[in-house]
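What follows is each chain in one-letter form.
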Amino acid sequence: MNTATDPARSGSDATVRTEVFWGVDCGSAEIKVAAIDREGRLLTTRRCRTLFPLVEHVHRSLAGHGDELSAILDSDRAELPPDGRQPSLRPGHKVFATGYGRHHLGFVQGQLTEIKSHYLGVQHQLRLQQDYTIIDIGGQDAKVIRATPGRVEKFAINRKCAAGTGSFIEELAHRLEVPMHELPRLAAGHDKDLTLNSYCTVFSGQEVIKLLMQGERVENLIHAMYRSVVKRVLEMTAIDTDTLVFSGGVMNHHPILMPLFAERFGTVRTILAPNAQFCGALGAAIHGLNEESDDGLPNHQ
Amino acid sequence: MNPSTVDVGTAAVAAADAKQVMRDYFADLGAAAKDPARKVAWCTSVGPAEILRAMGFEVYFPENHGALLGATRVSAETIPVANAQGYSPEICSYLTSDIGACLKGVTPLSKAYGLDGVPRPDVLVYCTNQCKDVMHWFAWYARRWNVPLLGIHPPNHLPEVLPEHIADVASQFRRLIAQLEAITGTPLDPEALRLAVARSREATDLWESVLDTARTRPAPLSFFDGTILMGPIVVLRGTQIATDYYRTLLAELEAKVAAGHAAVPGERLRIYWEGMPVWGRLRQLSDLFAGNRATVVASTYCNSWIFSDFDPAQPLESMARAYLKIFINRDDAYKENYIERLAGEFGIDGVVYHAARTCPNNSNSAYNLPQRLAAKGIPGIVIDGDLCDLRCFSDGQSTTLIEAFLETL
């Protein structure tokens, strides 16, 4: 990991007041960035596919195009400087990282896990005053976060395999030769509740093939896939809540999952977090803002 | 079991030279294996080493070899060899690492200690107080090399260790002694057994004191140091060498405590490690905790070689009691109370449970224990992994789980 040492490049000049806090969420499928001002107001969000070298693509996301808000010095917006390949931040801008790639960005001013960042992103936007549970489904993991208005109480992440995550949906869409964006519409046309049993994405794919061979309708298989995602998430931990908040890219693109979760709970309030796909990035930015607050408390929620 | 050639990098304890003790141990084992006048016994790590020592055997512990294979990551090449021979990826990866290494003709002992290979045994002695995999493991060698295979089969998973359990195991020890006497041609000297038990007791008491220094804030040593420093208590129980080593080590640690030395500078959190080490990731995990200013101050694993019941006045009965009472051989209520007690004594903020894929016997997160302890105010997180088989371990996911857990504490 390269570490920036030049304050001008790192944006960590103590004499310059930080005006813009950036969060970068390096997920398995996409890099998401969000920027906020000192009042915690969302200034911009951007996303791009997770490609490598990671730092180059994060740099592009932070730089933006044309008139877009940029975290990068004008002189370096077009490409990374050759000396150490670390982005050069504008004075007054700071960047905080979360997601699986968070440890591979040497120039950032801080890091935090996806658990905390998603919580901060959700709570900052919703300002909930009671205990609640966040279900976040990302590209390669699913998280259940038990939260209070002030902190993460406990959490669970899917274990070992991809079942119940975006990768699972992607793999089955590929098997079924259905574009991802068509999945929710097709699932709505189901006429039968089927069950996919396997924990394993590959074996689930085999189940799907077998059912297709038996003449099963694609709509029913897609619906079964969504139900499988719900089952995989709910078996991660016991959830006792009256408020479910959904975040993450998968929920954003597959809102059909929300009622499927809700029907497993009886009476429950469900909320799709605003900017659901950016909650992690936003939370990382909020974390940066909190780090600078006088009292050190998460008082921007 | 310690792979003493692995440096986890915390350097909390340096002067007491575990490496030299282990070098001498293996050099002597290598010499004994080549000397027709000396006999080598293989023994499971919590097996009756004192009897073997008292009868003049040099004792080799294959689990130590398994740990070394894991720590050097040679396991990645040897486990698949055993898998292909019908030893499942789901069973003990010490077993598959070791049998695969034998089939492949490799051992880290060559590079680390200059041995030609593992020391060939004259007898194989196992005890199923930990698991039944050791029986299958030693049986493979018995078939391969036509070596006598002797086993102790204690009652398992005990809520309490009762007199009839002790009588049972002591009786099995007596039968074992008779079988060993047939191999050596010499009767056991009761005085030699008492001496071996006395030495084991002294060494194990010192080892306990060493671990207890981590009760201090900040702790002068961590679990990751412990996995290296525990070498002599595993492989040299029953000898004066182990006692001398731990006396020196304890003095060093007490001096560190007096000086306020911290294994993890700026110690902020104190963690309990439940389950096996992930041998191939010791350094990374040590760095991960240290980077979050968390010290793993106590563990079930390092504590497993504390045998406070050894009593030279009743050598066989006390050995039976000690080897029956080990954590892994107890019921879940005992384990819950044990961890709860240590959490209080060591000021634990949280527990990391390692669910080792191939070691269900030494993984304690599958029967609701983390939830029960959490309800008592001892939070925990479960990470999936393995002792040797890194196919079962995800670096990214484990890092996120541990860091997120530390964030919540």
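Residues numbered from 1 in each chain as written. Chains lettered and ligands numbered in written order. Predicted model: local features only at pLDDT ≥ 70, side-chain atom pairs only at ≥ 80, totals over all residues. Heavy atoms only, no water.

K.L.:
For this particular structure, what's the right way to read the sheet that holds strand E7 (residues 142–147) of chain A?
P.N.:
Paired through backbone hydrogen bonds, the strands of a sheet run either parallel or antiparallel to each other. Residues and elements named next belong to chain A. The sheet built from 5 strands is open, its strands ordered E8-E7-E6-E9-E10 with mixed pairing. Because the sheet does not close on itself, it has two edges, and the strands there are strand E8 (152–157) and strand E10 (269–272). Within the sheet, the average angular offset between the axes of one strand and its neighbour, ignoring direction, is 20 degrees. Pairing analysis gives 4 bridges linking strand E6 (residues 132–137) to strand E9 (residues 243–247), with the strands arranged parallel. Within the sheet, the bridge partner assigned to Thr133 lies in E9 and is Leu244. The sheet strands contacting helix H3 (residues 114–126) are E6, E7, E8, E9 and E10, and the helix crosses E6 at an angle near 120 degrees. (Pairing = 2+ DSSP bridges. Helix = DSSP H or I, 4+ residues; strand = E, 2+ residues; numbered from the N terminus. Axes fitted to C-alpha atoms, helices over the stretch in contact; angles between N-to-C directions. Contact = heavy atoms within 4.5 Å.)

K.L.:
For this particular structure, what's the right way to read the domain arrangement of chain B?
P.N.:
Size of an interface, as often reported, equals the accessible area lost when the parts are brought together. All names here are of chain B. The domains assigned to chain B are domain 1 (18–191) and domain 2 (217–224 + 262–408). For domain 1 versus domain 2, the separation of C-alpha centres amounts to 24 Å. The interface is formed by 41 residues belonging to domain 1 together with 31 residues belonging to domain 2. On inspection of domain 1 and its partner domain 2, the count reaches 2 salt bridges. A salt bridge links Arg174 to Glu317; its shortest N-O distance comes to 2.7 Å. Across the domain 1-domain 2 interface, the total number found is 21 residue pairs in polar contact (both at pLDDT 80 or more). Among the elements of the structure, helix H2 (49–54), helix H3 (62–71), helix H4 (75–84), helix H5 (93–104) and helix H8 (163–184) are those that each provide at least two residues to the side of domain 1 that touches domain 2. (Domains from an automatic or database assignment. Salt bridge = Lys/Arg side-chain N within 4 Å of Asp/Glu carboxyl O. Polar contact = N/O pair within 3.5 Å; in protein donor to acceptor, adjacent residues only side chain to side chain.)

K.L.:
How should I be thinking about the confidence of the model for chain B in this particular structure?
P.N.:
Atomic detail in the predicted coordinates should be set aside for any region of low pLDDT. Looking at chain B as a whole, its pLDDT mean stands at 95, while 96% of the residues score no less than 70. Note that residues 4–15 of chain B has pLDDT below 50 and, in this model, 36 contacts with residues that lie over four places away or in other chains. (pLDDT = per-residue confidence, 0-100.)

K.L.:
Can you help me understand the packing of aromatic side chains in this one?
P.N.:
All names here are of chain B. Under the counting rule described, the total for this entry stands at 23 aromatic pairs over all chains. A centroid spacing of 4.8 Å and a plane angle of 65 degrees characterise the contact between Tyr25 and Phe26, whose relative ring orientation is edge-to-face. Comparing Tyr25 with Phe26 shows no difference in burial state: the two are buried. Judged by centre distance (6.0 Å) and plane angle (75 degrees), the rings of Trp279 and Tyr301 are edge-to-face. Of this pair, Trp279 sits in the loop between strand E5 (269–274) and helix H13 (282–291) while Tyr301 sits in helix H14 (residues 300–303); the two residues are 22 residues apart in sequence, bridging distant segments of the chain. Within the aromatic cluster, the residues linked to one another by ring pairs are Trp42, Tyr60, Trp140, Tyr141 and Trp145. Over the aromatic face of Tyr334 sits the side chain of Arg330, whose NZ or CZ is 3.9 Å from the ring centroid. (Phe/Tyr/Trp six-rings, centres within 6.5 Å; stacked < 30°, edge-to-face > 60°. Buried < 20%, exposed > 50% of the residue type's maximum accessible area, 1.4 Å probe, protein only. Lys NZ or Arg CZ within 6 Å of the ring centre and 35° of its normal.)

K.L.:
Please clarify how the side chain of Asp98 of chain B should be interpreted in this entry.
P.N.:
Residue and element names in this part refer to chain B. Positionally, Asp98 belongs in helix H5. The buried charged residue Asp98 lacks any salt bridge partner; its closest oppositely charged side chain belongs to Arg144, at an N-O distance of 9.5 Å. Engagement of the side chain of Asp98 in a polar contact is seen with the side chain of His65, the distance being 2.7 Å. Discounting chain neighbours no more than four positions away, the residues touching Asp98 are His65, Leu69, Trp137 and Tyr141. (Lys, Arg positive; Asp, Glu negative; His and termini not counted.)

K.L.:
What is the right way to read the pairing of strand E6 (residues 294–299) of chain B from this model?
P.N.:
The side chains of a regular strand alternate, first on one face of the sheet and then on the other. Residue and element names in this part refer to chain B. For E6, the buried fraction is high: 6 of the 6 residues fall into the buried class. Direction of pairing for E5 relative to E6: parallel, over a ladder of 5 bridges. Bridging from a neighbouring strand, Leu269 pairs with Ala294 of E6. Following the chain from E5 across H13 to the adjacent parallel E6, one finds a crossover that is right-handed. (Right-handed = clockwise from strand over helix to strand, strands pointing away.)

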